[in-house]
Amino acid sequence: MKIRRILVVGVAALALAQVGCQQAGVQPAPVTEGDDIVGVVTGAKGPEAGVWVIAETDGLPTRLTKIVVTDEQGRFAIPDLPFAVYSISVRGYGLVDRQNGRATPGSTLELEAGRAASPREAAEIYPSMYWFSLLKVPAAGEFPLGPVQSQQQWLNTIKSGACQSCHALGTPGMRNVPELFSRGKTSHEAWRMRLRSGSAQALMARDIGRLDGERAIANFADWTDRIAKGELPFDKPARPQGLERNLVITMWDYHQPQFYLHDVVSTDRRNPRINPNGAVYASPEDSTDIVAVLDPRTHEAIDLHHPVRDPATPSVKGAPYGVSAYWGDKPYWEGRTLNHNPMMDERARTWFTSRISPDANPDWCKSGSEHPSAKAYPLNGGANRHLSYFDPHAQSWTLIRTCFPTHHLNFSKDNVLWTSPGVVGPGVIGWFDAKAFERTRDEKAAQGWTPFILDTNGDGKRGEYVAHDKPLDPSKDKQVMLNHYSVAVSPSDGSVWATVLGYPGAVIRVVPGADPAHTALTEVYEPPLPGYGPRGGDIGSDGVFWLSLSSGHLASFDRRKCAVTNGPKATGKHCPEGWTLHRFPGPQLRDVKDPGSAETSYYVWLDWFGVLGLGKNIPIAMGNGSDSIMPFVDGKFVTLRLPYPSGLFPKNVDGRIDDDGAGWKGRGIWTTTGTRTPFHIEGGKQQRPKAIKLQLRPDPLAR
């Protein structure tokens, strides 16, 4: 890359330089403040607006990357850089990357953008959804197709209902079939092999089994064949516009490339001023028992080992394994804790949904137990995850055995931790009273659970109910057998909201009452077509629930609009008027006629406190197919692109305020690489998972 330092001596010389640039119609480069790198990016036609300037260094305890966007005049300012030598590169849609320059903080640079890219060169860095949208989908008239009743149901499985809840189909590692599988084989045979590879073999078999498997494999094989022959995306992403150019991205490498991360937490959901400038913690799910920790003050990546209570706790290493094109013939995942989701409390302790012992439940969870919840609804099976927390002050772990399985978790105002079982489970919602546990240290007494009971007799209270497999009796309440995925507690009334996976899927609202094991009532609401396939969701402080749908929509559900909320008709389809669907940006799959997008959004988070600077109570959706975080502001999406490396796949965010007096510099939202296959993204198996901080400044040059 061509980099030319601009050396200006004295105030008078600087003034003359600014006058000269203004007369020529080109704005001068920003003035450095000493801890930044500033300058201008130009191309063959002049200043390059809306391109990314990337600074990377290995001169700190862990690799640091900082990314900013140029303004309308091609100017940039990379702020708050610790002293090191940085490699500087320029990336922009429609351009070939320019790399290999080096600079230190305090530099003012003139950078040349890369030449205009050919269509194939340009498409190499497009977000995965642009490649995924080339997949040929069975026509609506072909269904039922095997076990699948409709095109929408098929898409729900292919998108965030199953396949793309873990990784994106359009990343380089997915759209190109490794030679290990393709050598001497048909494309169809190669795809069969790759579905059996690695440590997720059983999950891949489960999900392809939800479809007409051989037909789906034929679709995938046709897709990669056409790409190998030169087919390119029919749509392309736009460069950042408006306030999208105000984004500052800071990334740190942590963990190991064969492992992956699911979620990251930096603060208490209820109070974003907890743990200011402190360490952030990420859950490694099935891949390992090592919790990834980043200290952003020292730029250190720390490995924190999560213990188990029972040495007999099984390991993922014992799961079926097939040879990996990346990691060979030995299992590379090793997790016993299956650590899925973290949440921080008011004392900066990080709670996890993690397995601490073998799955079978102890007797006190089962029939015959005196536990209040077991007497009301015994859990005779097992729980694949439980609870734990790490106390950074004591540097100690506390492990908590639960009768109910855990997957996601969220605190209420009164420190009750509500959980979800995830994809499968016993059809209950579980909770853990952290206050009671602090007093007694009795993990049995502090927990409880209840089945989901609808108020189908309409009397406003929970009474005698019919079982989920029995016909509705309008004189009684009705149990429904479902397992919720996300979980969120309303700050306005304490009700617990959650999503239910599947087709069409649902949203549930649980009102605990005074004695939840006996008083909790549930409401169920199904999304109306063309919306379907909920994944993650969150509740606003105004009581409106927001969620991502596989149909390619951000959905909002406002219960206040419902004409009916209980009674014999309130079984799911009774409030279409409460739903509003907002189509995600980006192309739709070419063969799909329904409104929507190829986007595969995993989760939504509500910015209750306005941490990002766009206002309070803003829903922020994950753009898992579009390399982005997408706040929804005044009815429009703001696409905050994570351009490098492409394919980062962030699954969720949380927001922290480090310093109220520092403006935008004192706050930000945090995320991490959420793909189960970080070796599929740009850079391959050399890539390590990332801790990612996003900040919005008032303009592209603010420091």
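Residues numbered from 1 in each chain as written. Predicted model: local features only at pLDDT ≥ 70, side-chain atom pairs only at ≥ 80, totals over all residues. Heavy atoms only, no water.

### Details of the overall build of the protein
Operational definition: Put simply, DSSP marks the helices as runs of H or I at least four residues long and the strands as runs of E at least two long, and each gets a number from the N terminus on. The globule rule used here is 2.2 Å times the number of residues to the 0.38 power, and the radius of gyration it is set against is calculated over C-alpha atoms. Categorising residues by exposure relies on relative accessible area from a 1.4 Å probe, with only protein chains included: less than 20% of the type maximum marks a residue as buried, more than 50% marks it as exposed, and the intermediate range marks it as partly exposed. Contacts are assigned to residue pairs with any non-hydrogen atoms lying within 4.5 Å of each other. What sets the accessible areas is the Shrake-Rupley method with a 1.4 Å probe; for residues, cover comes only from the shown protein chains.
Within the protein, the regular secondary structure consists of twelve helices and 40 strands. The globule rule puts the C-alpha radius of gyration for 703 residues at 27 Å, and the 26 Å found for the protein is close to it. Dimensions of the protein along its principal axes, counting C-alpha atoms only, are 85 × 60 × 55 Å. Buried residues in the protein amount to 61% of all 703 residues. Residue pairs in contact within the protein that sit at least 24 positions apart in sequence constitute 63% of those at least 6 positions apart. Carbon and sulfur atoms form 52% of the exposed surface of the protein, whose accessible area is close to 25,400 Å².

### Comments concerning the sheet that holds strand β5 (residues 64–69)
Remark on secondary structure: sheet strands pair via backbone hydrogen bonds, oriented parallel or antiparallel. Where we set the bar: Two strands form a pair only when DSSP identifies at least two bridges running between them. Each axis is a line fitted through C-alpha atoms, and for a helix only the stretch in contact is used; angles between axes span 0 to 180 degrees, taken between their N-to-C directions.
The strand order β8-β7-β4-β5-β10-β40-β39-β38 describes an open sheet built from eight strands, whose pairing is antiparallel. Two strands in the sheet have a free side with no partner beyond their single neighbour: β8 (98–103) and β38 (654–657). Taken pair by pair, the neighbouring strands of this sheet meet at an average axis angle of 25 degrees, ignoring direction. In terms of strand pairing, strand β4 (residues 52–57) meets β5 through six bridges, oriented antiparallel.

### Brief notes about the environment of Pro421
Relative to the assigned elements, Pro421 resides in the loop between β20 (416–419) and β21 (428–433). Residues Pro421 and Trp333 lie 88 residues apart in sequence; the distance between their C-alpha atoms is 22 Å. Residue contacts for Pro421: discarding those within four places in its chain leaves Pro405, His407, Val428, Asn483 and His484.

### Some thoughts on the packing of aromatic side chains
To keep things clear, this is the line we draw: Working definition: rings of Phe, Tyr and Trp (its six-membered ring) pair if their centres are within 6.5 Å, and the pair is stacked with planes under 30 degrees apart, edge-to-face with planes over 60 apart, and tilted otherwise. A ring is considered to have a charge above it if a Lys NZ or an Arg CZ atom is located within 6 Å of its centre and within 35 degrees of its normal.
In this structure the tally under the stated criterion is 32 aromatic pairs. Here a set of aromatic residues connected by ring pairs shows up, and it is made of Tyr260, Tyr321, Tyr326, Trp327, Tyr332, Trp333 and Phe679. A cation over a ring is seen here: Arg175 above Trp131, with NZ or CZ 4.2 Å from the ring centre. We note Lys685 situated over the ring of Trp327; from NZ or CZ to the ring centre the distance is 4.4 Å.

### Details of the pairing of strand β6 (residues 75–78)
For a regular strand, the rule is simple: side chains alternate between the two faces of the sheet. Of the two faces of β6, the one carrying Arg75 and Ala77 and the one carrying Phe76 and Ile78 are both buried. Here strand β2 (residues 37–43) pairs with β6 via four bridges, running antiparallel. Opposite Gly39, over in β6, you have Phe76 as the bridge partner.

### Regarding the pattern of salt bridges
What counts here: When a carboxyl oxygen of Asp or Glu is within 4 Å of a side-chain nitrogen of Lys or Arg, the pair counts as a salt bridge.
Counted under the stated rule, the structure contains 51 salt bridges. Arg590 is the salt-bridge partner of Glu231, the closest N and O atoms lying 3.0 Å from each other. Placement of Glu231 in the loop between α9 (213–228) and β10 (247–253) and of Arg590 in the loop between β32 (579–583) and β33 (604–607) is noted, with a sequence separation of 359 residues between them. On the basis of relative accessibility, which here comes to 23%, the residue Glu231 falls in the partly exposed class. We classify Arg590 as partly exposed; its relative accessible area is 44%. Across the pair Asp538 and Arg269 runs a salt bridge, and its minimum N-O distance is 2.6 Å.

### Here we look at empty space enclosed by the protein
How we decide: A cavity, in this analysis, means grid points on a 1 Å lattice covering only the protein atoms where a 1.4 Å probe fits yet has no way out; a pocket is instead an open set bounded by protein on both sides within 12 Å along at least five of seven lines, and a residue lines either one if it has an atom within 4 Å of a point. Grid points are joined across faces, edges and corners, and a volume is the space filled by probe spheres set on the points.
Within the structure shown, the criterion is met by four cavities of 30 Å³ or more. In terms of lining residues, the largest cavity is bounded by 25 residues, among which Arg269, Met343, Trp605, Asn652 and Val653 are the most central. Elements represented by at least two residues in the lining of the largest cavity include exactly β11 (264–265), β15 (342–344), β19 (409–411), β25 (484–489), β29 (534–539), β33 and β38.

### Some details on the packing of helix α7 (residues 187–195) against α9
Operational definition: By the definition adopted for this analysis, an angle is roughly parallel if under 35 degrees, roughly antiparallel if over 145, roughly perpendicular if from 65 to 115, and oblique otherwise. Should the near helix be turned counterclockwise from the far one by less than a right angle, the crossing is left-handed, whereas a clockwise turn marks it as right-handed. Polar here means any residue outside two lists: the nonpolar Ala, Val, Leu, Ile, Met, Phe, Trp, Tyr, Cys and Pro, and the charged Asp, Glu, Lys and Arg; Gly therefore counts as polar.
Between α7 and α9, the shortest axis-to-axis distance is 8 Å and the interhelical angle comes to 110 degrees. As summarised for this structure, α7 and α9 are arranged roughly perpendicular, according to the angle between their axes. In this structure, the crossing between α7 and α9 has a hand that is right-handed. In contact with Ser187, His188, Trp191, Arg192 and Leu195 of α7, α9 contributes Glu214, Ile217, Ala218, Phe220, Ala221, Trp223, Thr224 and Asp225. The residue inventory of the contact of α7 with α9, partitioned by class, reads seven nonpolar, three polar and three charged.

### Concerning the sheet that holds strand β13 (residues 290–295)
With respect to topology, four strands assemble into an open sheet ordered β11-β12-β13-β14, the strand pairing being antiparallel. Edge strands, defined here as strands with exactly one partner in the open sheet, are β11 and β14 (300–305). Relative to β14, β13 runs antiparallel, the two sharing six bridges. Each bridged residue has a counterpart across the sheet, and for Leu294 the counterpart in β14 is Ala301.

### Focus: the nonpolar core
Our working rule: Joining through side-chain atoms within 4.5 Å is the link that ties buried Ala, Val, Leu, Ile, Met, Phe, Trp, Tyr and Cys residues into a set, and such a set is a nonpolar core.
Membership of the largest hydrophobic core comes to 68 residues, with the highest contact counts inside it found for Leu135, Trp154, Ile158, Leu589, Ile620, Ile629 and Ile669. Ranked by the residues each element gives to this core, the list is headed by α9, at six residues. Residues in contact with Ile620, not counting those within four places in the same chain, are Tyr603, Val604, Trp605, Asp607, Leu612, Ile629, Met630, Pro631, Val653 and Ile669. The next biggest cluster of nonpolar side chains, apart from the first, holds 33 residues, and it includes Val41, Phe76, Trp664 and Trp670.

### Digging into the state of the cysteines
By definition, a disulfide links two cysteine residues through a covalent bond between their sulfur atoms. To keep things clear, this is the line we draw: In what follows, a disulfide is any cysteine sulfur pair within 2.5 Å.
Evaluated as defined, the whole model comprises two disulfides. Shown here is the disulfide that connects Cys365 with Cys403, its sulfur atoms set 2.0 Å apart. An S-S torsion of about -75 degrees defines the bridge between Cys365 and Cys403 as left-handed. Placement of the pair is Cys365 in the loop between β16 (350–354) and α10 (372–376) and Cys403 in the loop between β18 (396–400) and β19, with a sequence separation of 38 residues.

### Focus on the confidence of the model for the protein
Selection rule: As a per-residue quantity, pLDDT reports the predictor's confidence and falls between 0 and 100.
Across the protein, pLDDT averages 95, with 96% of residues at or above 70. Within the model, pLDDT remains below 50 along residues 1–24, and this stretch shows 38 contacts once partners closer than five positions in the same chain are excluded.

### Concerning unusual backbone geometry
Of note, the amide linkage connecting Tyr503 to Pro504 takes the cis form, showing an omega dihedral of 0 degrees. Structurally, Pro504 can be placed in the loop between β26 (496–500) and β27 (506–511). Cis peptide bonds are those with omega within 30 degrees of zero, and the linkage from Leu529 to Pro530 qualifies with 10 degrees. Non-glycine residue His299 carries a positive phi angle of around 60 degrees. Along the polypeptide, His299 turns up in the loop between β13 and β14. With relative accessibility at 13%, the residue His299 sits in the buried group. One non-glycine residue with positive phi stands out, namely Asp627, at about 55 degrees. By the element assignment, Asp627 lies in the loop between β34 (618–623) and β35 (628–633).

### Section: the pairing of β21
Of all six residues that make up β21, five are buried, and the element is covered over most of its length. Note: β20 against β21, three bridges, orientation antiparallel. Following the sheet pairing, Trp418 is matched in β21 by Trp431.

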